[in-house]
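Fold and contact review
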Amino acid sequence: MRLTQYFLPVLKENPKEAQIVSHRLMLRAGMIQQSSAGIYSWLPMGLKVLSKIEQIVREEQNRSGAFEIKMPTIQPAELWQESGRYDDYGLEMLRIKDRHDRDMLYGPTNEEQVTDICRTHIKSYRALPINLYHIQWKFRDEVRPRFGVMRGREFYMKDAYSFDLTAEGARIAYNKMFVSYLKTFARLGLTAIPMEADTGPIGGDLSHEFIILADTGESGVYFHKDWQEKDMVADISYGDDLQPVVDQFTQLYARTDETHDANTCPVDEADLMMRRGIEVGHIFYFGTKYSAAMGASVSSPDGEMTDLHMGSYGIGVSRLVGAIIEASHDDGGIIWPASVSPFDAGIVNLKPGHSETDKVTDMIYQAAIKAGRDVLLDDSTDSAGAKLARMDLIGLPWQIIAGPRSTERGVVELKCRKTGEVVEHSPEDAAAALLAHLAQKVSQKVS
Ligand code: 5CA
């Protein structure tokens, strides 16, 4: 993509309304534009990142055995009256009337809608277990939407729902999602710590929040230092017995500042870490709460009708865009992990019109495209300083920088955004080195 043909409306000034770094950087890098409080348009580069995160979440859900569906954003009030949540949900629910004066709502979550699908189609234990998920916009009329996409009113969520005949079966489904989350966050370049949590308005008796570490996070997190070694989850496969894996993770100490008590904490002070964190996922087991209220039951092997055991499993896909930036940035701007970067690399032509620089940057641009890479070529006539600052701001993992001074010496610069390291190469070697870096599939840790 040539920058002069792209839509990348970067801001020079720091937007006043943005209180935290991810909100500021998303606005400055032209990723989002506010429509009204807590509601955003996603501009091309923001949408690219959102879609990449969505795709990683989708692949890991599919791998765990869940099936993707798409439920509507607008739901009928009747379903929520059946579960009893229509009145309970209060002002956070956006209530709408259609032209026939029927009560509708913009879904804040989908337990009722998915329970309706299962009670219609699943009549026998033989169809179980099953886990259905979708990735869809939600609306919660938060009292204080803030921090950009981190606490929006409209936000993008992956929500999965498992259905089982028994509590033991539901525990297996819960464990699969637990492991799927660890794999998902590792692929996003994040250290995610699962923590026992309250179930809140979703209900139930087993729940974990997944918190990623970021210095600007909302909650304080105390954890054993070995957590930072605990990200080797890629190779765990989805047998039914994931309990030992889950135990291994949950036995290692981790608490929020609300639940941590220095007097009873079993971890030696030398091994205890305190950092800030952001909740990016939340999983729940709530038994038959919705199935009993809504009549979702199946015939069991002994012929009796049994209410389904359910769990629900959320990941804040749009929140993750902000959370990754919170975990990975510096004074110059964003530092994207390679797996979600909007482009694989940026090429800066410091002086368009200078024939040698044009020739060299075009050669590297074409070589990258030929290798199947998605690169951004800054071919604008902005000042060299403005271009370098913008390329740092948007956070692509690799940059190639070429100008009259370097190309006349027969070299260009290859810069790693994360370390700031710059290496000079001949243009051909720079192209080869860039492609070699991009071919390395190892996910970079961001914190
Ligand atoms: N039904 C359950 C699981 S599917 C549920 O809704 N859980 S939740 O309320 O915890 O939301 C799941 C995830 O969505 C959260 O972990 C968080 O990452 C994200 N999320 C929740 N509220 C917001 C919001 N206002 N803005 C952005 N993301 C949000």
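Residues numbered from 1 in each chain as written. Predicted model: local features only at pLDDT ≥ 70, side-chain atom pairs only at ≥ 80, totals over all residues. Heavy atoms only, no water.

Take the overall build of the protein next. Looking only at helices and strands, the protein has 13 helices and 23 strands in total. Projected onto its principal axes, the C-alpha coordinates of the protein cover approximately 80 × 60 × 45 Å. By sequence separation, contacts in the protein at least 24 residues apart represent 71% of the contacts at least 6 residues apart. Working note: accessible area of the protein is about 19,800 Å², and carbon and sulfur atoms make up 49% of it. Taking the 49 positively charged and 64 negatively charged side chains of the protein as two groups, their mean positions are separated by 5 Å. (Helix = DSSP H or I, 4+ residues; strand = E, 2+ residues; numbered from the N terminus. Contact = heavy atoms within 4.5 Å. Areas by Shrake-Rupley, 256 points an atom, 1.4 Å probe, with all protein chains shown as cover. Lys, Arg positive; Asp, Glu negative; His and termini not counted. Charge placed at Lys NZ, Arg CZ, Asp CG, Glu CD.)

Across four bridges, the pairing between strand β1 (residues 32-36) and strand β2 (residues 39-42) is antiparallel. Each bridged residue has a counterpart across the sheet, and for Gln34 the counterpart in β2 is Tyr40. If you look at the hairpin formed by β1 and β2, you'll find two residues sitting between the two strands, and Gly38 has a positive phi there, around 75 degrees. (Pairing = 2+ DSSP bridges.)

In the neighbourhood of the ligand, 22 residues make up the surrounding shell, with Thr109, Glu111, Arg140, Gly152 and Glu279 lying closest. Here a nitrogen atom of the ligand and a side-chain polar atom of Glu111 are 2.7 Å apart. Within the side chain of Arg140, one N or O atom sits 2.7 Å away from an oxygen atom of the ligand. Within the complex, 95% of the 600 Å² of free accessible area of the ligand lies under protein. (Near = heavy atom within 4 Å. Polar contact = N/O pair within 3.5 Å; in protein donor to acceptor, adjacent residues only side chain to side chain.)

Met31, Ile53, Phe185, Leu188, Val321 and Trp336 are the most contacted members of the largest nonpolar core, which has 85 residues in total. Per-element tally for this core: the top contributor is helix α6 (residues 167-187), with 10 residues. If sequence neighbours within four positions are ignored, Leu188 has contacts with Ile53, Ile56, Leu320, Ile324, Pro337, Ser339 and Val340. If you look at the next biggest cluster of nonpolar residues, it comprises 19 residues, including Ile347, Ile364, Ala368 and Val412. (Core = buried A, V, L, I, M, F, W, Y, C linked by side-chain atoms within 4.5 Å. Buried < 20%, exposed > 50% of the residue type's maximum accessible area, 1.4 Å probe, protein only.)

An α-helix turns once per 3.6 residues; consequently, residues spaced three or four apart project the same way. When the terminal C-alpha atoms of helix α2 (residues 44-63) are compared, their 28 Å separation across 20 residues agrees well with the 28 Å that a helix rising 1.5 Å per residue should span. When we look at burial in α2, the residues that qualify are Met45, Gly46, Val49, Leu50, Ile53, Glu54, Ile56, Val57, Arg58, Glu60 and Gln61. Phi for Gly65, located one or two positions after α2, is positive at around 100 degrees. (Expected span 1.5 Å × (residues − 1).)

Most peptide bonds are trans, and most residues other than glycine sit at a negative phi. Leu128 connects to Pro129 through a cis peptide bond whose omega is -5 degrees. Looking at the element boundaries, Pro129 is found in the loop between α5 (111-121) and β7 (130-139). Its identity as a non-glycine residue notwithstanding, Asp101 has a phi of 70 degrees, on the positive side. Using a relative accessible area of 53% as the deciding quantity, one classes Asp101 as exposed. A positive phi angle, near 60 degrees, is found at Phe147, a position not held by glycine. Structurally, Phe147 is set in the loop between β7 and β8 (154-164).

This brings us to the sheet that holds strand β23 (residues 422-425). Spatial ordering of the open sheet is given by β20-β19-β21-β22-β23, a layout of five strands whose pairing is mixed. Looking at the sheet topology across the chains shown, the edges are occupied by β20 (375-378) and β23. Across this sheet, the average inter-strand angle for adjacent strands is 20 degrees, counted without regard to direction. Its contacts with the sheet place helix α10 (residues 355-370) against β19 (345-349), β20, β21 (398-402) and β22 (412-416), and it is angled at close to 165 degrees to β19. Set on the sheet, helix α13 (residues 427-439) makes contact with β19, β21, β22 and β23; between it and β22 the angle comes to about 20 degrees. (Axes fitted to C-alpha atoms, helices over the stretch in contact; angles between N-to-C directions.)

Let's shift gears to the packing of aromatic side chains. Here the structure, examined in full by the defined rule, presents 11 aromatic pairs. Look at Tyr6 and Phe343: their rings are 5.4 Å apart centre to centre, the planes differ by 75 degrees, and that puts the pair in the edge-to-face class. One end of the pair, Tyr6, is in the segment before α1 (21-28); the other, Phe343, is in the loop between β18 (333-334) and β19, and 337 residues separate them in sequence. We note that Tyr6, like Phe343, is buried. Relative to Phe185, the ring of Tyr181 has its centre 5.9 Å away and its plane inclined at 90 degrees; by these criteria the two rings are edge-to-face. (Phe/Tyr/Trp six-rings, centres within 6.5 Å; stacked < 30°, edge-to-face > 60°.)

What follows deals with the environment of Asn62. Mapped onto the elements, Asn62 comes out in helix α2. Through-space distance from the C-alpha of Asn62 to that of Glu218 is 31 Å; in sequence the pair is 156 residues apart.

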